[in-house]
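If you want the building blocks of each chain, they are given just below.
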Amino acid sequence: MIFFSTTKPKNGTFNLILSRTLNKYYAIARENSGSTTDASQGVITNNRLLDTNGTAIGTLSGDQLTGTFQDGGNFTVTITGRRTN
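Residues numbered from 1 in each chain as written. Predicted model: local features only at pLDDT ≥ 70, side-chain atom pairs only at ≥ 80, totals over all residues. Heavy atoms only, no water.

### Side note on the overall build of the protein
Stage number 1. Of the regular secondary structure elements, the protein holds 0 helices and 8 strands.
Stage number 2. Expressed along its principal axes, the backbone C-alpha trace of the protein runs to roughly 35 × 30 × 20 Å.
Stage number 3. Looking at the protein residue by residue over its 85 residues, the buried ones come to 25%.
Stage number 4. The contacts of the protein with a sequence gap of at least 6 include a subset with a gap of at least 24, amounting to 25%.
Stage number 5. Accessible surface, the protein as shown: approximately 5800 Å² in total, 47% of it carbon and sulfur.
Stage number 6. Taking the average place of the 8 positive charges on the side chains of the protein and the average place of its 5 negative ones, the gap between the two points comes to 6 Å. (Helix = DSSP H or I, 4+ residues; strand = E, 2+ residues; numbered from the N terminus. Buried < 20%, exposed > 50% of the residue type's maximum accessible area, 1.4 Å probe, protein only. Contact = heavy atoms within 4.5 Å. Areas by Shrake-Rupley, 256 points an atom, 1.4 Å probe, with all protein chains shown as cover. Lys, Arg positive; Asp, Glu negative; His and termini not counted. Charge placed at Lys NZ, Arg CZ, Asp CG, Glu CD.)

### A look at the pairing of strand E6 (residues 56-61)
A regular strand places its side chains on the two faces of the sheet in alternate fashion.
Stage number 1. Two strands pair when backbone bridges link them, and strand E5 (residues 48-51) and E6 are joined in this way by 3 bridges, in the antiparallel orientation. When the sheet's bridge partners are listed, Arg 48 is paired in E6 with Thr 59.
Stage number 2. Connecting E5 to the next strand, E6, in antiparallel fashion are 4 residues, including Gly 54 with a positive phi near 85°.
Stage number 3. Sheet topology places E6 next to strand E7 (residues 64-70); 3 bridges connect them, and they run antiparallel. What sits directly across from Leu 60, in E7, is Leu 65.
Stage number 4. Between E6 and E7, which follow one another and run antiparallel, lie 2 residues, and Gly 62 among them has a positive phi close to 65°. (Pairing = 2+ DSSP bridges.)

### Focus on the pairing of strand E8 (residues 76-82)
Stage number 1. On E8, burial follows the alternation: Val 77, Ile 79 and Gly 81 on one face are buried, whereas Thr 76, Thr 78, Thr 80 and Arg 82 on the facing-out side are not.
Stage number 2. Note: strand E1 (residues 2-6) against E8, 5 bridges, orientation antiparallel. Across the sheet, Thr 6 pairs through a bridge with Val 77, a residue of E8.
Stage number 3. Here E7 runs beside E8; their pairing, made up of 7 bridges, is antiparallel. From the neighbouring strand, Thr 66 faces E8, where its bridge partner is Thr 80.
Stage number 4. The antiparallel hairpin formed by E7 and E8 contains 5 residues in its connecting segment, where Asn 74 sits at a positive phi of about 65°.

### Quick look at the nonpolar core
Most often, soluble globular proteins keep nonpolar side chains buried together rather than apart.
Stage number 1. Ranked by internal contacts, the top residues of the largest apolar core, which has 13 residues, are Phe 4, Phe 14, Leu 49, Leu 65 and Ile 79.
Stage number 2. Those elements that place two or more of their residues in this core are E1, strand E3 (24-31), E6 and E8.
Stage number 3. It is E3 that contributes the most residues to this core, 3 residues altogether.
Stage number 4. Residue contacts for Leu 65: discarding those within four places in its chain leaves Ile 2, Phe 14, Leu 16, Leu 49, Gly 58, Thr 59, Leu 60, Ile 79, Thr 80 and Gly 81. (Core = buried A, V, L, I, M, F, W, Y, C linked by side-chain atoms within 4.5 Å.)

Written out as structure tokens, the structure is:
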């Protein structure tokens, strides 16, 4: 499971499907206690997840994912997670 937090503050989780073979990812995020979801997709280059604008949102290291980026409201979003079975 992957968790996120922001400087807004908001917290939540998201599901991430990634393919190292295709070098692509797709994610769906939802705030804690929320019902609205946000989707994101992009490519994986040199173990970095890049959104459709080419902005790095996270780095893969083995089964771990970490990252920090600015969202559309200019808030800092921090993500942490690991592969689950």
